[in-house]
Amino acid sequence: MQDCIFCKIAKHELEAEVVYENDLVIAFKDANPVTKVHILIMPKEHIKNFYELAKHPQQALIMGAVTEAAAEIADQFNISEGFRVITNNGRAGGQSVFHLHFHLIGGQELGMKLV
Ligand code: AMP
């Protein structure tokens, strides 16, 4: 998608601190980290959000790639014992960039409170 900043990151047209990449997904450090480790994992293809992913013919493949990426990144940052994966869906769900992405946060005690 032409004006999507995350599409530009996926195509390496916009700089980001990439920590993981393969044909399907790319992961990079969040520009405004909320925890010591805060990585965004996303499909390279432009999919608006998690709700739209459900309609995608390669939904399972993409989720599998995201899951593998999350585990590898958790190992990379030594946080496999405890981390959280979140996706904000739609404006009311807190989404501000409308290219599906998953926040992988950790590196500190997160507690059980979700909101
Ligand atoms: P969300 O509110 O779930 O859509 O999350 C969007 C996230 O993208 C926020 O945590 C931002 O800090 C992050 N973000 C926005 N632009 C960039 C960028 N160019 N590089 C890295 N992270 C970004």
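Data block above holds the structure.
Report follows, based on the coordinates.

With that out of the way, let us pick up the overall build of the protein chain. Counting secondary structure elements, the protein chain contains three helices and five strands. Secondary structure of the protein chain in N-to-C order comes out as α-β-β-β-α-α-β-β. For 115 residues, the compact-globule formula gives about 13 Å, and the C-alpha radius of gyration of the protein chain, at 14 Å, lands near that figure. Oriented by its inertia axes, the alpha-carbon framework of the protein chain measures out at about 35 × 30 × 25 Å. Among the 115 residues that make up the protein chain, the fraction classed as buried is 38%. Restricting to contacts in the protein chain with at least 6 residues of sequence separation, those with at least 24 account for 54%. Roughly 7,100 Å² of accessible area belongs to the protein chain as shown, and the carbon and sulfur atoms make up 53% of that amount. Within the protein chain, one finds 10 positive and 14 negative side-chain charges whose respective centroids are separated by 9 Å.

What follows deals with the sheet that holds strand β4 (residues 83-86). As summarised here, the arrangement of the five strands in space is β1-β2-β3-β5-β4, forming an open sheet in which the pairing is antiparallel. The open sheet has two free edges, formed respectively by β1 (18-21) and β4, since each of these has just one partner strand. Going across the sheet, the axis of each strand differs from the next one's by a mean of 20 degrees, ignoring polarity. As paired elements, strand β2 (residues 25-29) and strand β3 (residues 37-43) share five bridges and run antiparallel to each other. From the neighbouring strand, V25 faces β3, where its bridge partner is P43.

As for its placement among the helices and strands, H101 is situated in the loop between β4 and β5 (102-106). We classify H101 as buried; its relative accessible area is 7%. Engagement of the side chain of H101 in a polar contact is seen with the backbone oxygen of H99, the distance being 2.7 Å. Residue contacts for H101: discarding those within four places in its chain leaves F6, L40, I41, M42, I86 and T87.

What follows covers the pattern of salt bridges. Inspection of every chain in the model, using the stated rule, returns three salt bridges. For E17, the salt bridge identified is with K29, shortest N-O distance 3.3 Å. Of this pair, E17 sits in the loop between α1 (5-10) and β1 while K29 sits in strand β2, and the two are twelve residues apart along the sequence. A salt bridge links K44 to E21; the shortest N-O distance between them is 2.8 Å. Of this pair, K44 sits in the loop between β3 and α2 (50-53) while E21 sits in strand β1, placing them 23 residues apart in sequence. Relative accessible area serves as the criterion here: at 23%, K44 is assigned to the partly exposed category.

Quick notes on the rules
- Residues numbered from 1 in each chain as written.
- Predicted model: local features only at pLDDT ≥ 70, side-chain atom pairs only at ≥ 80, totals over all residues.
- Heavy atoms only, no water.
- Helix = DSSP H or I, 4+ residues; strand = E, 2+ residues; numbered from the N terminus.
- Rg over C-alpha atoms; globule rule 2.2 N^0.38 Å.
- Buried < 20%, exposed > 50% of the residue type's maximum accessible area, 1.4 Å probe, protein only.
- Contact = heavy atoms within 4.5 Å.
- Areas by Shrake-Rupley, 256 points an atom, 1.4 Å probe, with all protein chains shown as cover.
- Lys, Arg positive; Asp, Glu negative; His and termini not counted.
- Charge placed at Lys NZ, Arg CZ, Asp CG, Glu CD.
- Pairing = 2+ DSSP bridges.
- Axes fitted to C-alpha atoms, helices over the stretch in contact; angles between N-to-C directions.
- Polar contact = N/O pair within 3.5 Å; in protein donor to acceptor, adjacent residues only side chain to side chain.
- Salt bridge = Lys/Arg side-chain N within 4 Å of Asp/Glu carboxyl O.

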